[in-house]
Every structure is written in C-alpha cells, then in structure tokens.
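Notes for the structure review
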Amino acid sequence: MARAMLSLASVTDAAWGDRALEHLDEILLEQAHLEKKAASAALQLLFRYPDRVALQRPLAALAREELEHFELVLGALEDRGVPFGPQKASPYASRLLRAVRGAEPERLLDTLLCSALIEARSCERMRLMEAALVARGHELAPLYHELVGSEARHHALYVQLAKGEFEPALVDARLAQLAAHEAQVVTALPELPRLHA
C-alpha cells in the first residue's frame, strides 16, 4: 500500500513486522485496546457534532465495525490464553492530538484528520505484521489481512468526511501539516512493544 494513499510523511522500517512478532501477545493486547478506542473516538464525534448530519451514519457504521474488530481480537487473545486487561499505552495518540486546534470549526477538521492519520499508521504497521505472519504461515495472518483492509478504508473515510465538511484544498494542506507532525511524533516515541511505538 503506497505511502501517498495513506497520507503518511514517514515510512516504518520493513523489519518492524518481524520485531513485532517477538512480542505478539503484547501487540495483540494493544490491538484490542486500539479497536475499542477507535470505536469510542467515532462515537465521541457523533455526540460532539450532532448538527453535522453527513457525519452521523458513516461514523455510526465505523464505530460498529471497530467494536466487531475488538471482539475478533478478544477471540484471538482467548485462543492464545492471553487475558484481556490493562496495559501501559503508547503516548502516540496523545502526542499526535496535541496538534488539534481548540476553536471550531478547526477542531473538527483537525480531529478528523488526526483520526485519519492514526488509521493510516495502524494500516502501515499491520501490513508489516501481516507480511511477517504470512511468511511464517501463522494462524493470525488472515485476521491481520482483514484488519489491514479495514484500516485503509477507515483512513480514506475520515479524509472523505473532512472533505465533505471543508474545502478539499484546505483539507489537503492541513493533512500535509499534520502528517509532518505525526512523523515527528513517531520518531520520538519510546521503544515499546506496541503497534504505535
């Protein structure tokens, strides 16, 4: 999947997927938390912007799909005998979201685009994991194949929603700025066995 399709300003080292598999249970646990957080983020937008009618159905569908993925990953954890529970989160999302402006309508635009970038980075990293899993003939390869496609669609959806609410040229310019910020955030992250680290 081309970097331009995902709007990312930096590329993860191809060997990241192999390194991630050394900590597969921790990555899976984070995956479950991320799917739940993604559902929550979509619902928060629904409740924060009830007047933005064009956002309602797409975000409701997105939240449902993220919860379905949460359940799929919970099943994978159960199959591996890994209990679901608390986990120290990567600071990735909180640092990325510091770039969101406080005043409306800029807050909406930035939130949609930061959500798009989170989905894009997840897609990129999961694609690397999928390749590593396929190379080993691992039973989780089909799960990550499904998740990769979904993350790419979710990235595109958030960009599309932003362009439905704002001038497309403005969206593209702001997305480039936020992608540069996201690349800096990724570079400065601590070394943790996490999808977003």
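Residues numbered from 1 in each chain as written. Predicted model: local features only at pLDDT ≥ 70, side-chain atom pairs only at ≥ 80, totals over all residues. Heavy atoms only, no water.

1. Section: the overall build of the protein
Selection rule: Elements are defined by DSSP. Helices are runs of H or I of four residues or more, strands are runs of E of two residues or more, and each kind is numbered from the N terminus. The size measure is the radius of gyration over C-alpha atoms, and the globule rule it meets is 2.2 Å times the number of residues to the 0.38 power. Relative accessibility under 20% of the residue-type maximum defines a buried residue, over 50% an exposed one, and the middle range a partly exposed one, all with a 1.4 Å probe and only protein chains included. With residues, only the protein chains shown are counted as cover, and all accessible areas are computed by Shrake-Rupley using a 1.4 Å probe. Just so you know, the count uses Lys and Arg for positive and Asp and Glu for negative, and it drops His and the chain ends. For this purpose, a charge sits on NZ of Lys, CZ of Arg, CG of Asp or CD of Glu.
Helix and strand counts for the protein stand at 8 helices and 0 strands. Helices (α) and strands (β) of the protein occur, in sequence order from the N terminus, as α-α-α-α-α-α-α-α. For 197 residues, the compact-globule estimate of 2.2 N^0.38 gives 16 Å, and the C-alpha radius of gyration of the protein, at 16 Å, lies within 12% of that figure. Expressed along its principal axes, the backbone C-alpha trace of the protein runs to roughly 45 × 30 × 30 Å. Counting all 197 residues of the protein, 50% fall into the buried class. Working note: accessible area of the protein is about 9,500 Å², and carbon and sulfur atoms make up 57% of it. Charge-centre separation for the protein: the mean point of 22 positive side chains lies 5 Å from the mean point of 28 negative side chains.

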